[in-house]
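# Understanding the architecture of this molecule
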Amino acid sequence: MTYLRAIFSSLQRHRMLWPLLALAMIWAVIVVLNPAFFCFTVKDGRVLGGLVDILNRGAPIALIAIGMSLVIATGGIDLSVGAVMAIAGAVAANIISGGALPVWMIIAAGLGTGLFAGLVNGTLVAGLGVQPIVATLILLVAGRGVAQLINDGQIITFQNESFAFLGVGNILGLPTPVWLVAFLLAGLLTLTRKTALGLFIESVGANASASHYVGIPVKSVKLAVYAISGLCAALAGLVATADIQGADANNVGLWIELDAILAVVIGGASLMGGRYSLALAVISALIIQSLNTAIVLSGIPPKFNLVIKAVVIIAVLLLQSSIAQAQLASLRARLTA
Amino acid sequence: MIDSRHTPVLITYALFAALFLLGSLQYEGLGSLRVFLNLFTDNAFLAVTAIGMTFVILSGGIDLSVGSVIAFTGVLTAVLIQAGWPLVTVFPLVLAIGCIFGGGMGLLIHYYKLQPFIVTLAGMFLMRGLAVVVSERSVPIEHEVYDTFNTAGLSLPGGALISSQALLLLIVLLAALVLAHYRRFGTYVYAIGGSPESARLMAVPLARTTIGIYALSSFLAALAGIMFSFYTSSGYALAAVGIELDAIAAVVIGGTLLTGGSGYVIGTLGGVLLMGLVQTYIAFNGSLNSWWTKIVVGILVLVFVCFQRLNTFGEGVGKQKAGTRTAA
């Protein structure tokens, strides 16, 4: 018995456990609801199936959550990601409808817009010392207005096979967005784990003053994470725009910042900074998407979606809180005594 | 000599006066008492929400749930009235729900040391979700009290009218001013915003005050929800989306420091009026599209935030110390 408990507690200490367990539980529920959900079929060189669908639909949240993880790791937050998605989409759509430019230039323009937006956020936070919530709130409020301005108040639709590939294409049978998530994750994992950047980010989040005194370029690190977050948001915006082959400044990426923050928190990152995991952020994005799918399959009206999400957030927050853990422990002790 | 803490508030009102003057010179009809009073009527629910937000931000917190509370209150009010409940039961009930909901958030924030930002974000989901559960469709309200309220008001010479909405706003404003500056609760709020640690050492009741602050914010948001239901004569679950951001913007434009501890309720009113005037100006202009409102509000927030930073760098207005500045 004590042996089992030792194994259990060592597992408990492993950060991957709870999110993976949650994902497994949701998938188990899905299988019960629809046994054929995880069957794969190959049709016209595309792998089709429920799992591919979850991965594909979860891709924008995952892309944003990856960038958001780094920002939150420095103790910041980026509320502007949805608005940046809209701006990047608007820029790309307008370039496409403007004339025949090569697709790499369209993508570069969209990503450049996101990078610029991220640098604006980063300058406000790192350069002027504005609180991250407020600094990125400015772009959240103004950003959709800017996107509307670029689109001239219209929903810009376009026909461009090679750009649409970003959203609806597939490589080796899997949808392009899934590959993009995989590449972004691999790229940023390499960048943060094979260089000192990851350590710097955690250090800045844990204690900015101390980091400054040991010689870490705190301002540059902050600028970098907001720039990366802007790039990720722009990439998600391009994917969403390519997916519907149109730029809808009002609706693309609406509320996605909340889903992304939720994903990062479920992934066990501390909102106070200093602790993060990119892989867990992606897993948590899948949890959120699977939860959405499970709610649809279970026949619970989709109107309960938000209430369920809210209860999940509160539960996760309480489980992470050391005070709630202590209360639970003393309750357990009293029950077993 | 002007107190430097008052400068941001004065700038907000000076900007308002300048834009009003500019508008009156440019467009016939803008420079009238009627347009001025309409700013109060049309923005009454936003102003009431923003006043509640001022207390939260003064204490160093944030409340993202207010928009959802407005929507939930509106929908519940509409549904209950349609079900034949008397107004004297409906209004106290929804206001009490607001209080309890906000108090609950304050409880989580204080006792479990959770960040206000994430707790109120969850509250935002919860209330929006509950609103959708109550009714997904827009529910019309037909009640004689609603008709009287919407036409009643205080007539002024010259055909202008101080509407019931505006009167209600002024009552809330007066109460909030008293609460902030002449009651112990207000002093506690400023103290916590200045430095929670010092406040604790000075025996400020942190638990009671924190819970009170969020209960007050949600109570005022619920009141704003009732006012919004009067304004639109309906309740809709997807109404008032993004109002929390407008309210925060109004507080910032009104000169309250987002780090807490410094600012004025009266400044927030100035922020709301200035934002409303920008909207009116753009409507009068006609050639500018409505999304310019968002951009101008964004720019205003940016300017005021930068101004706040410069101000605190120079004078050391509140509690900013070298260490906390690098950490922020």
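Residues numbered from 1 in each chain as written. Chains lettered and ligands numbered in written order. Predicted model: local features only at pLDDT ≥ 70, side-chain atom pairs only at ≥ 80, totals over all residues.

## Examining the overall build of chain A
Looking only at helices and strands, one finds 15 helices and six strands in chain A. For 337 residues, the compact-globule formula gives about 20 Å, and the C-alpha radius of gyration of chain A, at 21 Å, lands near that figure. In terms of overall dimensions, chain A has C-alpha extents of about 75 × 55 × 40 Å along its principal axes. The proportion of buried residues among the 337 residues of chain A is 47%. (Helix = DSSP H or I, 4+ residues; strand = E, 2+ residues; numbered from the N terminus. Rg over C-alpha atoms; globule rule 2.2 N^0.38 Å. Buried ≥ 20, exposed ≤ 12 C-beta atoms within 10 Å, placed from the backbone.)

## Considerations on the overall build of chain B
Summing up its helical and strand segments, chain B has 15 helices and four strands in all. A compact globule built from 328 residues would reach a C-alpha radius of gyration of about 20 Å, and chain B, at 20 Å, matches this within 12%. The principal-axis extent of the C-alpha atoms belonging to chain B is close to 55 × 50 × 35 Å. Considering chain B as a whole, with its 328 residues, one finds that 51% of them fall into the buried category. Sequence separation of at least 24 residues holds for 78% of the intrachain contacts in chain B that already meet a minimum separation of 6. (Contact = placed C-beta atoms within 7 Å.)

## Things to note about the packing of helix α3 (residues 44-58) of chain B against helix α11 (residues 206-232) of chain B
Residue and element names in this part refer to chain B. At a minimum axis distance of 8 Å, the contact between α3 and α11 shows a crossing angle of 175°. Classified by the angle their axes make, α3 and α11 are roughly antiparallel. Contacts between α3 and α11 involve Ala44, Phe45, Val48, Thr49, Ile51, Gly52, Met53, Phe55 and Val56 from the first element and Ile213, Tyr214, Leu216, Ser217, Leu220, Ala221, Leu223, Ala224, Met227, Phe228 and Tyr231 from the second. Of the residues belonging to the contact of α3 with α11, the class tally is 17 nonpolar, three polar and no charged. (Axes fitted to C-alpha atoms, helices over the stretch in contact; angles between N-to-C directions. Parallel < 35°, antiparallel > 145°, perpendicular 65-115°, else oblique. Nonpolar A, V, L, I, M, F, W, Y, C, P; charged D, E, K, R; others polar.)

## Details of helix α4 (residues 66-82) of chain B
Residue and element names in this part refer to chain B. With 17 residues, α4 extends 24 Å between its outermost C-alpha atoms, agreeing within 8% with the 24 Å of an ideal straight helix rising 1.5 Å per residue. For α4, a buried count of 15 out of 17 residues is recorded, marking the element as mostly surrounded by other parts of the structure. Trailing α4 by a residue or two, Gly84 shows a phi angle of about 95°, which is positive. (Expected span 1.5 Å × (residues − 1).)

## Observations regarding the nonpolar core
Counting 215 residues, the largest nonpolar core has Leu63, Ile64 and Ala65 of chain A together with Val48, Ile70 and Val301 of chain B as its most contacted members. Per element, the largest residue contribution to this core is 17 residues, and it comes from helix α11 (residues 218-244) of chain A. Setting aside chain neighbours within four positions, we find Leu63 of chain A in contact with Leu180, Val181, Leu184, Cys232, Leu235 and Ala236 of chain A. (Core = buried A, V, L, I, M, F, W, Y, C linked by C-beta atoms within 7 Å.)

## Comments concerning the environment of Ala180 of chain B
All names here are of chain B. Looking at the element boundaries, Ala180 is found in helix α8 (residues 164-181). With 21 C-beta atoms counted inside 10 Å, the residue Ala180 sits in the buried group. Spatially, the C-alpha atom of Ala180 lies 15 Å from that of Thr49, the residues being 131 residues apart in sequence. With residues up to four places along the chain from it excluded, the contact list for Ala180 reads Gly186 and Val265.

## Here we look at the interface of chain A and chain B
Reports of interface size often rely on the accessible area that becomes lost once the parts have come together. Contacts between the two partners involve 37 residues from chain A and, on the opposite side, 42 residues from chain B. Of all the secondary-structure elements, those providing two or more residues to the side of chain A that touches chain B are α6 (132-151), α10 (208-213), α12 (256-266), α14 (305-320) and α15 (322-336) of chain A. Looking at the side of chain A that touches chain B, the element that brings in the most residues is α6 of chain A, giving twelve residues. Tallied by class, the residues present in the side of chain A that touches chain B amount to 26 nonpolar, eight polar and three charged.

## A closer look at the environment of Tyr146 of chain B
All names here are of chain B. By the element assignment, Tyr146 lies in helix α7 (residues 144-151). Judged by local crowding, Tyr146 falls into the partly exposed class, with 16 C-beta atoms found within 10 Å. The spacing of Tyr146 and Gly270 is 124 residues in sequence and 28 Å in space, taken between C-alpha atoms. Apart from residues no more than four positions distant in its own chain, Tyr146 is found in contact with Ile141, Phe230 and Ser233.

## Let's talk about the confidence of the model for chain B
Residues and elements named next belong to chain B. For chain B, the average pLDDT comes to 87, and 94% of its residues sit at 70 or higher. Across residues 314-328 the pLDDT falls below 50, and counting only partners more than four positions away or on other chains, this stretch makes 25 contacts in the model. Model confidence for the complex is summarised by a pTM of 0.83, with the ipTM given as 0.75. (pLDDT = per-residue confidence, 0-100.)

## Considerations on unusual backbone geometry
Residues and elements named next belong to chain A. The phi torsion at Asp152 lies on the positive side, around 55°, for a residue other than glycine. Not every positive phi belongs to a glycine, and Gln245 is a case in point at roughly 50°. For Gln245, a count of 18 C-beta atoms within 10 Å corresponds to the partly exposed category.

## A few points about α11 of chain A
Residue and element names in this part refer to chain A. Spanning 27 residues, α11 covers 40 Å between terminal C-alpha atoms, matching the ideal 39 Å at 1.5 Å per step. Counting buried positions over the 27 residues of α11 gives 23, a clear majority of the element. With its phi angle positive at about 50°, Gln245 sits one or two positions after the end of α11.

## Re the environment of Val225 of chain A
Residue and element names in this part refer to chain A. Mapped onto the secondary structure, Val225 falls in helix α11. Since 29 C-beta atoms lie within 10 Å of it, Val225 is described here as buried. Spatially, the C-alpha atoms of Val225 and Gly127 are 14 Å apart, while their sequence positions differ by 98 residues. Sequence-distant contacts of Val225, that is, excluding residues within four places in its chain, are made with Leu70, Val71, Thr74 and Ile201.

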